[in-house]
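Architecture and fold: a report
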Amino acid sequence: MKNVLYLLLLFVLVSCQSSSNLIPVWESYDESKELAENADNPSRRLRYKLIQSKFTDKNDIWKNVAPQLKGFSKADYDRLKPLIYEQDIPTMQASIKSGQLTYEKLTQWYLYRIVQFESNPDRYLNAIISINPKAVKEARQKDKMRSDGQHPIFGMPILLKDNINMEGLPTTAGAVVFADNTTNDAFIVDRIQEKGGIILGKVNLSEWANYLCLGCPNGYSAVGGQTLNAYGRKVFDTGGSSSGSGVSMAANYAAAAVGTETSGSILSPSSKSSLVGLKPTIGLLSRGGIVPISGTLDTPGPMTRSVIDNAILLSAMSGEDPMDAATKGNPKGKTYWPSLEEATLKGKRFGVTADLMKNDLYQKATAQLIAAGAQIIEFEPIEVDFSGFGTLLSADMKIDLPAYIANYGSNKISVKNVADVVNQNRQDSSINIPYGQGRFAGILEVDLSTEELEALKERLNKEGVRYFESAMAKYNLDAVLSVDNRGAGFAAAAKYPCLTLPMGYSEKGEPRGLTFIGRPFTEDQLLKIAYAYEQISKARKAPADFN
């Protein structure tokens, strides 16, 4: 009997030890040499003052991972890798249906991968801010609930930019003053979970969605530290503000991620991480429960490694939100993905500009489109009056941030408006604002009447529409072609959707994106165009150091 008890105790001890051994211990280190090496970087965006967060200890994040890896091993990770790494959602669903994979093992695989890379001082990307402690439990429940006809997002682990509310995890927007901002789910999070998606955790971002400091690096937040690019750590910019969504998808940390954009904040990090990023028409997706910059121009959007995954996540998030008037009466209930395989480029008409034709990758992409039957029409963009764009963002945030705090924020947070945040930041500037708060402080200087703000919104919208329609109407274009986030501001003001996807890589290996800009609520057409281009270009390559 004693021998049986001894063996049982030994088994329990070994099991606990093997589980804890899966979680490497993160040890902060002296980064002064790294910072000195980047001090004179030609790109101001790469002149870092901090890389590791002074506020967050990664080991505290991993406490929510360790219990969830019980029963998972390095052998499991290696065995399942071909079924998960760089695979799209339909392929992973097929593996689950065949019995080769389960939602539980899929979720554990991503968690294991996150802690292995994010605890490695030579590989970490500072992508993750928090982990859902119930993710694997939810995955086990999904395994029991499997049936035909479910939405393809069912059981898929999804990462959220940390300005999107989720019950059970704080929504920080990367800011120390929001560290205790515990909330209910954002509207789009409810929609994802309603269809069976699993929220794996929250990812880093440019603090306050890149509306805090002037000329500072993309991807830095006091809570998450400096996000780094998987294709070249400290070599290439991450883009912003959805930097963590971008690098986490490049590194295969989840099936899909959600970003947000006001002007370029999905397009930029998607192109910098060789992803498919969709900035939808304003109002197609709810902004309810998302920390704002501008209620006029903000939108969430999907960031994925493939077009079909983008269509699936877009569909999962859609729905009319009674708390967000912009969603009223807009298209909803579309599936987007089933008709992608019917997509063709034949007869499509795309507008290009002469200045971008100097880009070798853009030239190659247009040649591929022509070879597939598309028509390319070169045009000269007209001049428009875009003055006051920054004033619009500041005026909106001055109104919309207090409204978010009142309607969606936690009563635990002490700040109520922009002025409170500015004052709080000054109390410990070395942690809170190492790059200053030039943009945030500038918000306080904006003073527009309601009439003046509405007039500014109307003028910028008309100018944005005129910028595109002068060519789109004249030449009967299906879309205008751009590179990365070029033209994002015009598209934002016009409220036109944009979709970027991998176009190739520079001589140094930096990813570049081909961007399609269309008319409002033409997301289904943009996705079909992008899918057809994806099939002929096959441009995406996974980052070499994250295989």
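Here's what I pulled together on the structure shown here. Because the structure is predicted, anything quoted here is derived from the model rather than measured.

Per the secondary structure count, the chain includes 20 helices and 13 strands. Its C-alpha atoms give the chain a radius of gyration of 23 Å, near enough to 24 Å, the size a compact globule of 547 residues would have. Dimensions of the chain, computed from C-alpha atoms along their principal axes, come out at roughly 90 × 55 × 50 Å. Of all intrachain contacts in the chain linking residues separated by at least 6 positions in sequence, the fraction that spans at least 24 positions is 78%. Of the roughly 21700 Å² of accessible surface on the chain, a fraction of 51% belongs to carbon and sulfur atoms. If you average the places of the 60 positive and of the 60 negative side-chain charges in the chain, the two averages end up 4 Å apart.

A complete count under the given rule lists 23 salt bridges for this structure. Salt-bridge contacts for Asp 60 lead to Lys 63; the nearest nitrogen and oxygen are separated by 3.3 Å. One salt bridge connects Asp 148 with Lys 97, and the closest N-O pair in it is separated by 3.9 Å. With Asp 148 in the loop between helix 7 (135-145) and strand 2 (157-161) and Lys 97 in helix 5 (residues 89-98), this residue pair connects regions lying 51 residues apart in the sequence. Here Asp 148 matches Lys 97 in class, with each residue exposed. Within the structure, one salt-bridge network assembled from shared partners comprises Arg 191, Glu 194 and Lys 195.

For the rest of this paragraph, the subject is the state of the cysteines. Going through the model one piece at a time under the given rule, you end up with one disulfide. Put simply, Cys 213 and Cys 216 are joined by a disulfide, and their sulfur atoms are 1.9 Å apart. Taking the sign of the S-S torsion, 80 degrees for the link of Cys 213 and Cys 216, the bridge is right-handed.

The side chains of a regular strand alternate between both faces of the sheet. Judged by how many residues are buried, strand 8 (residues 299-304) sits mostly within the fold: six of six residues are covered. On strand 8, burial covers both faces: Thr 299, Gly 301 and Met 303 on one face and Pro 300, Pro 302 and Thr 304 on the other are all buried. Pairing geometry for strand 6 (residues 256-261) and strand 8, over five bridges, is antiparallel. The residue of strand 8 that forms the bridge with Val 258 is Pro 302.

Here helix 6 (residues 103-118) contains 16 residues, and its C-alpha end-to-end distance of 22 Å stays within 8% of the 22 Å for a straight helix at 1.5 Å per residue. With 15 of 16 residues buried, helix 6 is to be regarded as a mostly interior element.

On to the sheet that holds strand 3 (residues 198-203). A sheet is described by the order of its strands in space; here 11 strands give the open sequence 1-3-2-6-8-7-12-13-11-9-10, paired in mixed fashion. The open sheet has two free edges, formed respectively by strand 1 (128-131) and strand 10 (375-379), since each of these has just one partner strand. When strand polarity is set aside, the average angle formed by the axes of neighbouring strands in this sheet is 30 degrees. Bridge analysis of strand 11 (residues 479-483) against strand 13 (residues 511-517) gives four bridges, and the strand direction is antiparallel. When the bridges of strand 13 are listed, Val 483 appears paired with Leu 514.

In a regular helix each residue adds 1.5 Å, so 15 residues correspond to 21 Å; helix 20 (residues 523-537) covers 20 Å between its end C-alpha atoms and thus fits that length. Following helix 20 by one or two positions, Lys 538 has its phi on the positive side, about 45 degrees.

Moving on, we get to the environment of Ile 443. For Ile 443, the location among the structural elements is in helix 17 (residues 438-443). Note: C-alpha distance between Ile 443 and Thr 391 (52 residues apart in sequence) is 8.2 Å.

With that settled, consider unusual backbone geometry. In this structure, the amide linkage connecting Gly 240 to the following residue, Ser 241, adopts the cis form with an omega of 10 degrees. You can see Ser 241 is positioned in the loop between strand 5 (225-226) and helix 10 (243-250). Despite not being glycine, Ala 173 shows a phi value in the positive range, around 55 degrees. Along the chain, Ala 173 falls in the loop between strand 2 and helix 8 (187-194). We classify Ala 173 as buried; its relative accessible area is 1%. With phi around 45 degrees, Lys 538 is a residue other than glycine that occupies positive phi space. In this fold, Lys 538 is placed in the segment after helix 20.

This part takes up the packing of helix 14 (residues 389-407) against helix 18 (residues 450-475). Closest axis-to-axis distance for the helix 14/helix 18 pair is 10 Å, and the angle between their directions is 135 degrees. By the criterion of interaxial angle, the relationship of helix 14 to helix 18 is oblique. Between helix 14 and helix 18 the crossing geometry is left-handed. Contacts between helix 14 and helix 18 involve Phe 389, Thr 391, Leu 392, Ala 395, Asp 396 and Ile 399 on the former and, on the latter, Leu 453, Leu 456, Lys 457 and Leu 460. Residue composition of the contact of helix 14 with helix 18, by class: seven nonpolar, one polar and two charged.

Residues Met 156, Phe 178, Trp 208, Tyr 253, Phe 440 and Phe 516 are the most contacted members of the largest nonpolar core, which totals 170 residues. The leading source of residues in this core is helix 6, at nine residues. Excluding anything up to four places from it in sequence, Met 156 contacts Ile 89, Met 92, Gln 93, Ile 96, Tyr 103, Leu 106, Gly 196, Gly 197, Ile 198 and Ala 255.

Turning our attention to the side chain of Ser 318. In this structure, Ser 318 sits in the loop between helix 12 (307-317) and strand 9 (349-353). Looking at Ser 318, its side chain comes within polar contact range of the main-chain oxygen of Ser 315, at 2.9 Å.

Right, let's talk about the packing of helix 13 (residues 360-371) against helix 20 for a bit. Between two packed helices, the angle of one axis relative to the other and the distance separating the axes together describe the packing. Contact geometry of helix 13 with helix 20 gives a least axis separation of 10 Å together with a crossing angle of 105 degrees. As judged from the angle between their axes, helix 13 and helix 20 are roughly perpendicular. Between helix 13, through Ala 365, Gln 368 and Leu 369, and helix 20, the contact on the second element is made entirely by Tyr 533, Ile 536 and Ser 537. Of the residues in the contact of helix 13 with helix 20, the class split is four nonpolar, two polar and no charged.

What counts, and where the lines are drawn
- Residues numbered from 1 in each chain as written.
- Predicted model: local features only at pLDDT ≥ 70, side-chain atom pairs only at ≥ 80, totals over all residues.
- Heavy atoms only, no water.
- Helix = DSSP H or I, 4+ residues; strand = E, 2+ residues; numbered from the N terminus.
- Rg over C-alpha atoms; globule rule 2.2 N^0.38 Å.
- Contact = heavy atoms within 4.5 Å.
- Areas by Shrake-Rupley, 256 points an atom, 1.4 Å probe, with all protein chains shown as cover.
- Lys, Arg positive; Asp, Glu negative; His and termini not counted.
- Charge placed at Lys NZ, Arg CZ, Asp CG, Glu CD.
- Salt bridge = Lys/Arg side-chain N within 4 Å of Asp/Glu carboxyl O.
- Buried < 20%, exposed > 50% of the residue type's maximum accessible area, 1.4 Å probe, protein only.
- Disulfide = S-S within 2.5 Å.
- Pairing = 2+ DSSP bridges.
- Expected span 1.5 Å × (residues − 1).
- Axes fitted to C-alpha atoms, helices over the stretch in contact; angles between N-to-C directions.
- Parallel < 35°, antiparallel > 145°, perpendicular 65-115°, else oblique.
- Left-handed = near helix turned anticlockwise from the far one by under 90°.
- Nonpolar A, V, L, I, M, F, W, Y, C, P; charged D, E, K, R; others polar.
- Core = buried A, V, L, I, M, F, W, Y, C linked by side-chain atoms within 4.5 Å.
- Polar contact = N/O pair within 3.5 Å; in protein donor to acceptor, adjacent residues only side chain to side chain.

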